Every structure is written in structure tokens, then in C-alpha cells.
Amino acid sequence: MSIDDIRQAKRKTIGTNQTLKALKQPSGRVLCVYVAKDAEPRVTEPVVQLASRLGVPIEWVDTMRQLGKACGIEVGAATASILAE
């Protein structure tokens, strides 16, 4: 998946809290996780670890600003995900 996929996704999470909550759901509805390379590791590491443990693909994005823009928000985002419809 590419960053363009999150732009077009109908269902997504934006931010670490929403992404972690979605990953913890037993339904396995997270298709892909996006993580900004310039985000604080203490913020992104729980998402990366859980996604890895669950076998969810992780896409790395260069900046938080780029990820936020792809998600349609004016501020940066450390993590985001695409959810199954």
C-alpha cells in the first residue's frame, strides 16, 4: 500500500490513540498502519510493536506533516491506519 491509499480510504484512523484502539479490536479490521519517520519514538513504538505482533503491514512516511496531509487534516499525524469496510 502507498500513501495514496490512505487518501482514498473511506474508513481510517488518524493519530496514535485511534490507531492503537483499532489494532486492539478483536475483529482484525486494520489493513495497514502508517507511521511518520520524524515522530517521537515513544509515541509511535507502541503502534509499531502491536502492528508487528499482529502481522499488520507498516508503511513508513517521511514526515508527520505529509501523513497529516494525506489524511486530510491541517496538522501532522504520527500514525494512521486504513480500516476494512
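Notes on the structure follow. (Residues numbered from 1 in each chain as written. Predicted model: local features only at pLDDT ≥ 70, side-chain atom pairs only at ≥ 80, totals over all residues. Heavy atoms only, no water.)

**Quick look at helix α3 (residues 41–54)**
Right, on to step 1. The terminal C-alpha atoms of α3, which comprises 14 residues, lie 19 Å apart, in line with the 20 Å expected from a rise of 1.5 Å per residue.
Right, on to step 2. Every buried residue belonging to α3 is among Thr44, Val47, Val48, Leu50 and Ala51, and all of these are buried.
Right, on to step 3. Buried residues belonging to α3 abut α2 (16–24), β2 (30–36), β3 (58–61) and β4 (79–83).
Right, on to step 4. Just past α3, the residue glycine 55 takes up positive phi, approximately 75°. (Helix = DSSP H or I, 4+ residues; strand = E, 2+ residues; numbered from the N terminus. Expected span 1.5 Å × (residues − 1). Buried < 20%, exposed > 50% of the residue type's maximum accessible area, 1.4 Å probe, protein only. Contact = heavy atoms within 4.5 Å.)

**Here we look at the sheet that holds β2**
Right, on to step 1. With respect to topology, four strands assemble into an open sheet ordered β1-β4-β2-β3, the strand pairing being mixed. Where the open sheet ends on each side, the last strands, each with one partner, are β1 (12–14) and β3. Neighbour-to-neighbour, the strand axes of the sheet open up by a mean angle of 20°, direction not taken into account.
Right, on to step 2. Of the strands in this sheet, β1, β2 and β4 are in contact with α2, which crosses β4 at around 40°.
Right, on to step 3. Contacts from α3 reach β2, β3 and β4, with the element oriented near 150° to β2. (Pairing = 2+ DSSP bridges. Axes fitted to C-alpha atoms, helices over the stretch in contact; angles between N-to-C directions.)

**Re the nonpolar core**
A general feature of soluble globular proteins is that nonpolar side chains tend to end up buried together.
Right, on to step 1. In this structure, Ile6, Tyr34 and Leu67 are the most contacted members of the largest nonpolar core, which totals 15 residues.
Right, on to step 2. Elements represented by at least two residues in this core include exactly α1 (3–8), β2, α4 (64–70) and β4.
Right, on to step 3. At three residues, the largest contribution of residues to this core is made by β2.
Right, on to step 4. Apart from residues lying up to four places away in sequence, leucine 67 is in contact with Ile3, Tyr34, Ala36, Val61, Ala77, Ala78, Thr79 and Ala80. (Core = buried A, V, L, I, M, F, W, Y, C linked by side-chain atoms within 4.5 Å.)

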